[in-house]
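Notes for the structure review
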Amino acid sequence: MHVETDVLIIGSGGAGMYAAIEAARGGASVFLLDRSLIGRGGATVMAQMTVAVALGAQTPDHWSHHLADTIQAGRGLTDERLARLLCEDGPDCIREMDAWGVGWARRDGHITQAFAPGHDRPRCAYVDFLNTGPAVSKTLRTVVNRTNGIHKAGDLLVVDLVRQKGEGDGEVTGAVALHLATGAPVTIAAKATIVAAGGLTRLYRRNSASANMGGDGYALALRAGAPLIDMEFVQFFPIGHLAPRLIGMDPIMWDPFRYKLGGRLLNADREEFTGRYGTREDGKYVITRDLATYAIAKEVEAGRGSPHGGAYLSFEHCSAQALREAFGPVIDRLAANDIDLTKMPVEVAPIAHYHMGGVTADARMQTEVPGLLVAGEVVGGANGANRLSGNAITEALTFGRRAGRTAEARARDGKQGFAVADAGAALDLLTADGSAAINTAAMVQTLQATMADDVGPFRTKEKLARALGIIGDLTAALGERPVGDGGRFDMQRIDWFDLRNMLLVARIVAQAALRRTESRGAHQREDFPGMLPEWQVNQVVRLRDGEVALASAPVVAEVAAQ
Ligand SMILES: Cc1cc2nc3c(=O)[nH]c(=O)nc-3n(C[C@H](O)[C@H](O)[C@H](O)COP(=O)(O)OP(=O)(O)OC[C@H]3O[C@@H](n4cnc5c(N)ncnc54)[C@H](O)[C@@H]3O)c2cc1C
């Protein structure tokens, strides 16, 4: 099957859907595809908490204050052009979502804004009782459905972008995808292509992600010639649910209740311990994510962890009434899991959650490769070495909108440059008859364990070298030809394509972490504990003849009008 469109959008999370709406209302024809169901596949629909935005609805605020906090959290590595876009365009997107009926929580007629660590004032909007991401996704799906010019297709796994060969300037002219339900190859010709395929946290054993977040977007862009930056900065969410067993709930669900009630992080001796690592909480919630991850890991290491290897989170000091008010119907879902917060703490531990690194882009979301744009979590740099709570959904919405606008403008002036011959190598992979006997599911597990144990929040030269060895072995075992027969929902073949991307991206994360011989934000080297001025640089990754090449580059620190 072959499809022709003005704008191709790969991934239908918040970024992809906002990009589709913006490009279509500018007049472009849009093809919005996803490997999963449209608007239900990635992180956006799972995000249950808050959206950081300087609305000034309850407390006076301005985007420049939000920007200052974002830069501060980024520990010297924030791309200020991108961060400014996120902070400056945020209020407009959030108001537009409001007009579309998302249902932001309100008090006295104003959108309610909660306080979250790292923000200098209450700045986080939400849809109450763990509904933020589902409501954002549903609203965008509704607007996508009623916007003329958007064609949608689920079950399409993009395996490679197509670049013009020969005369052209190497521009991206579309993509090749696998139709999961039939195994058929699909080619898509586009005047502009936006990669909005989300993050990479599926690389880790314990993660908050959907199974679709194995870093496809980074691998697609890299193989098409676009550089990545800051790939060593994987954010671990400190209080991912650990025990007791909790079914049908998001593992990072505890955060909004910490915003509302504080809550106490306790070690095995039932003492609050974050003060030992520089931030006293005293029942309040003030510690940033990287410091909390560090504090919990160090308590566990010192033998003061909770029974399952984390910390206790306790709301036992709160009355049943206060808990009911804060948790609403969630308290009943907890009761169904035999969790009574008036009588017991839960156990929490760090969990891979978000990726700060990604594809480099300018403030129009254009990459170095003509015709290739990016949006959302797949973009690197806006959050530097550490992301503030609530910035990721704002990033998805604002970057998506901007990418849609740029793509529409490019499509208006552009030509269709797709040639089937340029798609040859990817098509060849899709139609391969793979017979090798490898256990792809076991390989995914080995990779996830390796990344968790050796490329987790705390790294050393030895651990990283060991991880690179295992990743090398797995890559050799994977081979260069897909396995499976390529029929309908052939999980072995899907795993093969996933592993092809996961192994490439894992190698880059580990190599970048090995090269950065300091500790900064989410990247902590136990053998290089301090933050060093000479490392206040981004690491840029390129693929040259199949080899990963890393170099340092100055941070973009330019807050000029955009
Ligand atoms: C559990 C959880 C809770 C979170 N809570 C918050 C929060 O409260 N506040 C906040 O600011 N941030 C939060 N985040 C982070 C935030 O949700 C994400 O950073 C953001 O939603 C990313 O949006 P996106 O559109 O870039 O990607 P996603 O929403 O992840 O969408 C990417 C889409 O691309 C598709 N895709 C991937 N690869 C391919 C391929 N090869 N071919 C075709 N399609 C592909 C996926 O199926 C998916 O649908 C949370 C994340 C998680 C996982």
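Everything numeric in this text was worked out from a predicted model, so none of it was measured. (Residues numbered from 1 in each chain as written. Predicted model: local features only at pLDDT ≥ 70, side-chain atom pairs only at ≥ 80, totals over all residues. Heavy atoms only, no water.)

**What about the sheet that holds strand β16 (residues 358-359)?**
If you walk across this open sheet you meet the 4 strands as β16-β11-β20-β21, and the pairing is antiparallel. Because the sheet does not close on itself, it has two edges, and the strands there are β16 and β21 (547-553). Across 2 bridges, the pairing between strand β11 (residues 228-229) and strand β20 (residues 538-544) is antiparallel. Bridging across to β20, leucine 228 finds its partner in valine 541. Each of β11, β20 and β21 touches helix α14 (residues 491-515); the most contacted strand, β21, lies at about 40° to it. (Pairing = 2+ DSSP bridges. Helix = DSSP H or I, 4+ residues; strand = E, 2+ residues; numbered from the N terminus. Contact = heavy atoms within 4.5 Å. Axes fitted to C-alpha atoms, helices over the stretch in contact; angles between N-to-C directions.)

**Quick notes on the site of the ligand**
Taken together, 39 residues lie around the ligand, and Asp34, Thr44, Thr50, Asp216 and Glu377 are the ones closest in. Taking glycine 14, its main chain carries an N or O atom lying 3.2 Å from an oxygen atom of the ligand. The separation between an oxygen atom of the ligand and a polar side-chain atom of threonine 44 is 2.5 Å. For the ligand, whose unbound accessible area comes to 1,000 Å², protein coverage reaches 100%. The set of elements that each furnish at least two residues to the shell around the ligand consists of α1 (14-25), β8 (156-163), β15 (346-355) and α10 (391-413). Top element by residues in the shell around the ligand is α10. It accounts for 4 residues. (Near = heavy atom within 4 Å. Polar contact = N/O pair within 3.5 Å; in protein donor to acceptor, adjacent residues only side chain to side chain. Areas by Shrake-Rupley, 256 points an atom, 1.4 Å probe, with all protein chains shown as cover.)

**Focus on the environment of methionine 1**
The residue methionine 1 is located in the segment before β1 (2-10) in this model. Apart from the residues lying within four places of it in its own chain, the contact partners of methionine 1 are Pro185, Val186 and Thr187.

**Points about the sheet that holds strand β12 (residues 234-243)**
Remark on secondary structure: sheet strands pair via backbone hydrogen bonds, oriented parallel or antiparallel. Taking strand neighbours across the sheet as the criterion, the 4 strands line up as β12-β15-β14-β13 in an open arrangement whose pairing is antiparallel. With partners counted over all chains shown, the strands left at the sheet margins are β12 and β13 (264-266), one partner each. Taken pair by pair, the neighbouring strands of this sheet meet at an average axis angle of 45°, ignoring direction. Pairing of β12 with β15, which is carried by 7 bridges, proceeds in the antiparallel orientation. Bridging across to β15, glutamine 235 finds its partner in tyrosine 354. Lying over the sheet, helix α7 (residues 289-301) contacts β12, β13, β14 (311-314) and β15, oriented at roughly 55° with respect to β12.

**With respect to the pairing of β14**
Covered by surrounding structure in β14 are Ala311 and Leu313 together with Tyr312 and Ser314, the residues of both alternating faces. Here β13 pairs with β14 via 3 bridges, running antiparallel. When the bridges of β14 are listed, leucine 265 appears paired with leucine 313. (Buried < 20%, exposed > 50% of the residue type's maximum accessible area, 1.4 Å probe, protein only.)

**A few points about the domain arrangement of the chain**
Each assigned domain of the chain is listed here: domain 1 (2-234 + 353-425), domain 2 (237-351) and domain 3 (432-554). Facing 38 residues of domain 1, the contacting portion of domain 3 comprises 43 residues. When domain 1 packs against domain 3, the two sides together hide about 3,400 Å² of surface, and 58% of this comes from carbon and sulfur. Residue arginine 202 pairs with aspartate 498 through a salt bridge whose shortest N-O separation is 3.1 Å. Linking domain 1 to domain 3 there are 21 residue pairs in polar contact (both at pLDDT 80 or more). When contributions to the side of domain 1 that touches domain 3 are tallied by element, the ones reaching two or more residues are β8, α5 (216-223) and β11. At 5 residues, α5 tops the list of elements feeding residues into the side of domain 1 that touches domain 3. Of the residues that constitute the side of domain 1 that touches domain 3, the class distribution is 20 nonpolar, 7 polar and 11 charged. (Domains from an automatic or database assignment. Buried area = accessible area lost by both parts, 1.4 Å probe. Salt bridge = Lys/Arg side-chain N within 4 Å of Asp/Glu carboxyl O. Nonpolar A, V, L, I, M, F, W, Y, C, P; charged D, E, K, R; others polar.)

**Considerations on the packing of helix α12 (residues 440-454) against α14**
Where α12 contacts α14, the axes come no closer than 9 Å and their chain directions differ by 20°. With respect to each other, α12 and α14 are oriented roughly parallel. α12 and α14 meet at a crossing whose hand is left-handed. When α12 is examined against α14, the residues Thr440, Ala441, Met443, Val444, Leu447 and Met451 are found in contact with a partner set consisting of Gln492, Asp495, Trp496, Leu499, Met502, Leu503, Ala506 and Val509. Grouping the amino acids of the contact of α12 with α14 by side-chain chemistry returns 11 nonpolar, 2 polar and 1 charged. (Parallel < 35°, antiparallel > 145°, perpendicular 65-115°, else oblique. Left-handed = near helix turned anticlockwise from the far one by under 90°.)

**Digging into the side chain of histidine 119**
In this structure, histidine 119 sits in the loop between β5 (110-111) and β6 (124-126). Reaching out from histidine 119, the side chain makes a polar contact with the side chain of arginine 123 at a distance of 3.2 Å. Beyond its immediate sequence surroundings of up to four residues, histidine 119 is in contact with Ala52, His66, Asp69, Cys124, Leu388, Ser389 and Asn391.

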